[in-house]
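# Breakdown of the fold
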Protein chains: 4
Amino acid sequence: MTARTGVALEWRDGPTVTGDHGGLDLAVPYRMEERLWESGGSPGAGRAMPVLTAIGERFGRERPLEGLRIAACLHVTAETAVLMGALKAGGAQIALAASNPLSTQDDVAEALRSYDIAVHARAGVDRATYYRHIHQALDLAPDLVLDDGCDLVNILHTERTDLLGGVSGGCEETTTGIIRLRQMAAEGALRFPMVAVNDTRTKRMFDNRYGTGQSTLDGIMRATNLMLAGRTVIVAGFGYCGRGVAERAKGLGARVIVTEIDPVKALDASLQGYEVRPMESAALVGDLFITVTGNRDVIRAEHLALMRDGAILANAGHFDVEIDVRALEEMAVSLNQGVRPNTDEYVLADGRRLLLLAEGRLVNLTAAEGHPAAVMDMSFSAQALAVAWLAAERLNLAPGVYDVPEDIDVEVARLKLAATGIEIDRLTADQEDYLHSWRTGS
Amino acid sequence: MTARTGVALEWRDGPTVTGDHGGLDLAVPYRMEERLWESGGSPGAGRAMPVLTAIGERFGRERPLEGLRIAACLHVTAETAVLMGALKAGGAQIALAASNPLSTQDDVAEALRSYDIAVHARAGVDRATYYRHIHQALDLAPDLVLDDGCDLVNILHTERTDLLGGVSGGCEETTTGIIRLRQMAAEGALRFPMVAVNDTRTKRMFDNRYGTGQSTLDGIMRATNLMLAGRTVIVAGFGYCGRGVAERAKGLGARVIVTEIDPVKALDASLQGYEVRPMESAALVGDLFITVTGNRDVIRAEHLALMRDGAILANAGHFDVEIDVRALEEMAVSLNQGVRPNTDEYVLADGRRLLLLAEGRLVNLTAAEGHPAAVMDMSFSAQALAVAWLAAERLNLAPGVYDVPEDIDVEVARLKLAATGIEIDRLTADQEDYLHSWRTGS
Amino acid sequence: MTARTGVALEWRDGPTVTGDHGGLDLAVPYRMEERLWESGGSPGAGRAMPVLTAIGERFGRERPLEGLRIAACLHVTAETAVLMGALKAGGAQIALAASNPLSTQDDVAEALRSYDIAVHARAGVDRATYYRHIHQALDLAPDLVLDDGCDLVNILHTERTDLLGGVSGGCEETTTGIIRLRQMAAEGALRFPMVAVNDTRTKRMFDNRYGTGQSTLDGIMRATNLMLAGRTVIVAGFGYCGRGVAERAKGLGARVIVTEIDPVKALDASLQGYEVRPMESAALVGDLFITVTGNRDVIRAEHLALMRDGAILANAGHFDVEIDVRALEEMAVSLNQGVRPNTDEYVLADGRRLLLLAEGRLVNLTAAEGHPAAVMDMSFSAQALAVAWLAAERLNLAPGVYDVPEDIDVEVARLKLAATGIEIDRLTADQEDYLHSWRTGS
Amino acid sequence: MTARTGVALEWRDGPTVTGDHGGLDLAVPYRMEERLWESGGSPGAGRAMPVLTAIGERFGRERPLEGLRIAACLHVTAETAVLMGALKAGGAQIALAASNPLSTQDDVAEALRSYDIAVHARAGVDRATYYRHIHQALDLAPDLVLDDGCDLVNILHTERTDLLGGVSGGCEETTTGIIRLRQMAAEGALRFPMVAVNDTRTKRMFDNRYGTGQSTLDGIMRATNLMLAGRTVIVAGFGYCGRGVAERAKGLGARVIVTEIDPVKALDASLQGYEVRPMESAALVGDLFITVTGNRDVIRAEHLALMRDGAILANAGHFDVEIDVRALEEMAVSLNQGVRPNTDEYVLADGRRLLLLAEGRLVNLTAAEGHPAAVMDMSFSAQALAVAWLAAERLNLAPGVYDVPEDIDVEVARLKLAATGIEIDRLTADQEDYLHSWRTGS
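Calculation criteria
- Residues numbered from 1 in each chain as written.
- Chains lettered and ligands numbered in written order.
- Predicted model: local features only at pLDDT ≥ 70, side-chain atom pairs only at ≥ 80, totals over all residues.
- Heavy atoms only, no water.
- UniProt positions renumbered as here; feature names shortened; annotations may be inferred.
- Contact = heavy atoms within 4.5 Å.
- Helix = DSSP H or I, 4+ residues; strand = E, 2+ residues; numbered from the N terminus.
- Pairing = 2+ DSSP bridges.
- Axes fitted to C-alpha atoms, helices over the stretch in contact; angles between N-to-C directions.
- Least-squares fit on C-alpha atoms with pLDDT ≥ 70 in both.
- pLDDT = per-residue confidence, 0-100.
- Buried area = accessible area lost by both parts, 1.4 Å probe.
- Salt bridge = Lys/Arg side-chain N within 4 Å of Asp/Glu carboxyl O.
- Polar contact = N/O pair within 3.5 Å; in protein donor to acceptor, adjacent residues only side chain to side chain.
- Nonpolar A, V, L, I, M, F, W, Y, C, P; charged D, E, K, R; others polar.
- Parallel < 35°, antiparallel > 145°, perpendicular 65-115°, else oblique.

Where an unreviewed UniProt entry is consulted, chain A appears under the name Adenosylhomocysteinase, with the organism given as Nonomuraea dietziae. You can read under Sequence similarities (unreviewed entry) in the UniProt record for chain A the words "Belongs to the adenosylhomocysteinase family." As its UniProt record puts it under Subcellular location (unreviewed entry), chain A is described as follows: "Cytoplasm".

Below you can see the structure in the form of structure tokens.
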């Protein structure tokens, strides 16, 4: 056995793969996947993104994107590289710009270039360069576009209207971007079909419920080394993320109390065995508070005033507005920063000490590693299949915002089960008939 | 203290109530609710149907149905009586026919009559009488109708078209009825708006997930006295009901294996920690099989051939087609009926003995008591509020099938929380603004 | 296929068995086990008492009791019959008297007699006959004795001292009996070794934790048809039984609060995620109270005074002293008996209604069916193996009270795993060495 | 509000405390507890070691160690400093040597010296110096001793027998030390009473079950960023630690399979709903394997040969012998070290990749932070109370090894509940009588 340290130096230079991939042109996704080990990928069952890898292999056989030009504006990371590899394996010509210069990994960009993908991105560039990069990607004169925040689509509709005629569809993966697109569609301004790939059933499971659930508690444990068994944990919000957080806190032995403003969600929490209280009551008994509501000021001065000495405050909601940090600062007489990693201690006038994690920002991203690659695998797989669907259907689709077709969601789940080695039943012909007759009511 | 046995003899003769109800005209619902104790109602937190009772009280104050005539075709049971009482408290004049002569409780009918509700129903009547009763209820010339299976609405549209002009809306509470109504609507035949009250979020929680989950295991325990801890339980189907059944089996200490045909549901089951297998693999290891799929022949000869000696078969799906009982009968060399209540033992040629519960019919209805009154409380509360909504909106609604408005669902949940003594948070003005600005994207 | 109803009429007349038992003399236990179907046995994985049946089979091969006379004083039930069959298969000559005339099943007694076991028991006999039966059993001049409450052993030491010289050991299965035996031993009065078979690790698991846990909730559901999801359940006592009850209530969706007087148990409950409160605080919020402490007056007037309208009171502790029923009666202004099976409603002066289940007696025995046969299987299996151990070791044992040897407990667990089809690992020779060296500290 | 970074620079110079401590001489424990923030302490409910702090406060009032000299040989860490502070507050004069020079924190040593505790320890000293330090501590001529591994006690009995006459008792906190002491006692060599403080019910809860359970999964998440939901986790061993690990893995959404060699533990795992298999069967399906048996070679070449590509191997047992790492090295054709922190990838000849965490050493110590301070709080609290008990009882105790008295365990639990704000019930006089009469059998 020969030992070597670090795989990164090696994978980049080799020409191709691939033995068990059957000689397909899958050099990039395969090797990119290897790369994930370094950048936070999760070493799951053999491969970090098995579903997207399987899709890449199929694309290599079926070439659904043959001859299409795709301009993409995405975070330039290892996970994105696997997506780019799958699209290229499907026959596409690709130009990629960064959706945020801060997240660009220059070595990933370099690797992609060596596999003939045009990457217009560099870590830390200024605003002007950022926009120039998008224009450079658009210079490809794309048939399809991939966007993350709607900047590329916006430029197309304002500064590059000459290219609009050639674009027959695209995907957008953020909630914010979808909102902008829907407004454009409502005003009649959107000129081609866009698929809202940010929300599928499989992504919601992996991302919101199970992904955020685990990574939030992971982040809290890393920041505090707190033993959760026997603690009283207040989870503010019982949406998909909130119930994921509540399940994990309960699974680690905590007594969980839920706060809500929606009666239906509150009732569901109660039926699942959680105690439900208003925050002003929960504030009195919590050891640890986790906000995950999507709203602001969920924990306010009036609640901070009631908390126990040593209470811990963490946020798992998208924006850092859920805990009113300004109120905490105003109530404190001193601040001990960094008493633990990502942990600041605020000392109040009455001597109570409140501990704020990650300055009230997303604790799962700041104190842990955010989503495992398994989560991105689901999102990007839906995206790859949505691109193939667009390639096939684009001439039949009116401009507008489309949900990911149900079939694609089912297909992603099917591939994920296959990657996990889980088999399920198939309907017999009699069962198909029975269901059909029942649903049609005949 | 004076002791008396049985409450039924007493409640019927008294004229009114009611101290803590503030002297409202709530004689009927209050007393009807008492009546539930005898007929299978669940002695919950003080009252068996607190939400519907609260709605009845509010109706008594607000009289939203003042002057309206309502013809109803429903099971004539104690729970229905509470609904009738609430509607009457709201100001309606009511005529009630039975939706099934087998379920009619004659003493309930009699009691309702004594409170000035016209009941056209008697247990065990023949088919001609059943239809005559519906006609008699329709003779009221209703403004609104309540239906359970669409028979009354059907007669209105075929034999009593003279009355159609006066009917401005109605509710239908079964899936089967909704299918018929949608066909009528699709053909342009439906002449007034109908609300599909069979499916709300709160009802789905109480009925499908938590109600069926518990009552299924309850029925199995009553039938078998089986200790579930350590048993391997196969749950076929992971819809709302299936996950409820799986949760309860797990909660009783069983190792649960899920079978599915839908990849997305299978994946969800897996992420919740359940083992997922195809039935032909699960058949080898199960101690207890529970079907809850909505499909037929989920357990077939090929599966029965693989099962262990002593395996138990139960169905919690709506129809008795999920276990192929005919195949079981053909494979058996002898049958020992009633080895336990609702338990038949089939002896196969190789000596294995398979135990079929409740002849493959709904085990929660047959071997236990079906839904607790708390479940009917949610359904009938949504129905009462839907009637009030129809009363207010009926002149603005085109013919067609309508979902229960979201607001009604939230209101039912709100009232249920109040009845349970659970308080939740309210949005501050700043939070309302924040959510609004976010959702509108401005 | 031929159908027949009821197995009881048939099994009694046949001479013997039985194919898959290899022709061993196991007629009695095999057929007795069949009999269990009627009398509350649980139709588990093929056989209701598989471990005891396997021991009976082994006894048939190894004849460890060859030539020994055994006098037993036990409940004359189907489960006991299986034990008797196993001992007889082992070569023993047996005389059986009833330990309680109320529990005697005359048809079981008759069946045992037809298989050459002398049964001195009849349902409902008077006190004098009861004692005469014990004397008749002792007339066998036993080598070994089995007792349930110490009556037989007591008579031996007082009225039948002539037989003492022949008795070389015995088993006692109740806590009460063990206390009497220990007093006798302390006073030097006990003349032979007695094994305390009432407490082994396997029995404690099956009986206290999992058995009582399930049957208590089962009894409550049968009595009330209460939907447990979302209810607040107070479990008083967190011993083996209490934690079993708490686990099952939690597993059915309830929010569980534990009360305790022992700080270590309270801390353990807390670390398992339960809320822990004193009863006077829990009384304010509980929907359902379950006492399982082994102490008296756990729920007293001062607690009843605080409870919500509709609160339900159940006892799962051995004696009916845990809920102060007298206090409840004194506080009530009226009583509605039997509002549901095993449910009485006490109406207090302020209008609140409290529901007492099973008159405060063991709710799992009264409202459900007590322990499944699987529990008795563990107890009686330990007893059968203890008898065989006594047969081998009796001449080496001084008079005194002995615990069941650890090996027997392990053997019962091993047989139970085998009956369930569960395989486990075996130590390699290296591992044996490693453990041995570690434990000896060398 | 003024901000400052790091509390360490400040706390050391101040003279005393302490307002809310009532002016007691608790400078050291109070300040030491502050110090924990830096060195891995967990910021729980206000204080990292609240129980030991409370004991220190009581010792300050009651002075149970007034005039006694204590020689201790322990890890010189912040947690130990809190223990030293408590003993000093109780009136003891203390000399402390390190039980391991690698774990000595020099700043803690320095701080303790400034509070008049004689510390003979320095990080990284050689063997000769290490023993000289123990001799220097013994020069105090102690009345009582605290040991961690039995070195100090051993030197007392061999090289410093002159001091033996003055020593009236001590505590030993490791399993290894206890084994040595029992051997000494068996040979009649032990000259004074020693309390085995390594095993109490409260410590077992906090340390083995809940502490190890959480920290093991924490370590695995930090090493792999693996999403546990939906993974198959094999837990080898179902002792206290094993069940803690299994509970946490299940609580994070994994499907857990248990392997065991003890039938009773295997049966218990099964009754708790876990699947139980032998390792050679589990090896085929596991995504993650965690050994926690106390034995060697639990995962061997024959198991590694069966595992899936990508399987992860972690050990939570005390020694690094549970996974046969040598076999893994021999089977591998290459090794990629550090593909993630604490994660090495072994590539086998057939292309499968197995991931070994922390080189097979304790994953909770290596990849996470070991026990939270809450665990040490329980252990050291039992130790402090054991010292006080020895101080009171030492003249009545014969030489030998003693368990921690049950009362001390209860007292630690009681203080922990108080620190957590949990109240429990107290027995009434009637209840005391009832229990007493029952237990005595009168």
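Continuing now.
### Digging into the UniProt feature "binding site: substrate" (unreviewed entry) in chain A
All names here are of chain A. When the UniProt feature table is mapped to this numbering, "binding site: substrate" (unreviewed entry) covers T77, D148, E173, K203 and D207. Residue contacts for D148: discarding those within four places in its chain leaves C73, L74, H75, S99, E172, E173 and T174. Along the polypeptide, K203 turns up in helix α10 (residues 201-224). Other than its neighbours up to four places away in sequence, K203 contacts N198, N208 and S379.

### Digging into the sheet that holds strand β2 (residues 69-74) of chain B
Residues and elements named next belong to chain B. With respect to topology, seven strands assemble into an open sheet ordered β4-β3-β2-β5-β6-β7-β16, the strand pairing being parallel. Strands at the two margins of the open sheet, each flanked by one partner only, are β4 (118-120) and β16 (400-403). Across the sheet, the axes of successive neighbouring strands diverge by a mean angle of 20°, strand direction being ignored. Against the sheet, helix α7 (residues 151-158) touches β2, β5 (144-147) and β7 (193-196), its axis set at about 130° to β5.

### A short note on the relation of the copies chain C and chain A
With an RMSD of 0.1 Å, the operation that places chain C on chain A is a rotation of 180° combined with a shift of 0.0 Å along the axis. The transformation relating the two chain copies, once decomposed into turn and shift, fits a two-fold axis. Interface overlap between copies: 100% of the residues of chain C at the interface are likewise at the interface in chain A, consistent with a symmetric, same-surface contact.

### Comments concerning the confidence of the model for chain A
Across chain A, pLDDT averages 86, with 88% of residues at or above 70. If you check the scores for this complex, the pTM reads 0.89 and the ipTM reads 0.86.

### Some remarks on the interface of chain C and chain A
Residue-level contacts link 13 residues of chain C with 13 residues of chain A. Counting each side, the surface lost to burial between chain C and chain A is near 860 Å², with a carbon and sulfur contribution of 56%. The tally of links between chain C and chain A comes to two salt bridges. Two residues, E275(C) and R255(A), come together in a salt bridge whose shortest N-O distance is 3.1 Å. Connecting chain C to chain A are four residue pairs in polar contact (both at pLDDT 80 or more). Here the side of chain C that touches chain A is composed, by residue class, of four nonpolar, five polar and four charged.

### A closer look at the packing of α10(A) against helix α18 (residues 406-420) of chain A
Residue and element names in this part refer to chain A. Contact pair α10 / α18: the axes reach a minimum separation of 8 Å and the direction vectors enclose 50°. With respect to α18, the axis of α10 lies oblique. Residues R201, T202 and F206 of α10 pack against E406, D409, V412, A413 and K416 of α18. When its residues are assigned to classes, the contact of α10 with α18 shows three nonpolar, one polar and four charged.

### A closer look at the sheet that holds strand β16 (residues 400-403) of chain C
Residue and element names in this part refer to chain C. Strand order in the open sheet formed by seven strands is β4-β3-β2-β5-β6-β7-β16, and the pairing between neighbours is parallel. Since the sheet does not close on itself, it has two edges, and those belong to β4 (118-120) and β16, each with one partner. Along the sheet, successive strands turn relative to each other by an average axial angle of 20°, direction set aside. Both strand β7 (residues 193-196) and β16 contribute to a ladder of four bridges, which runs parallel. Across the sheet, V195 pairs through a bridge with Y402, a residue of β16.

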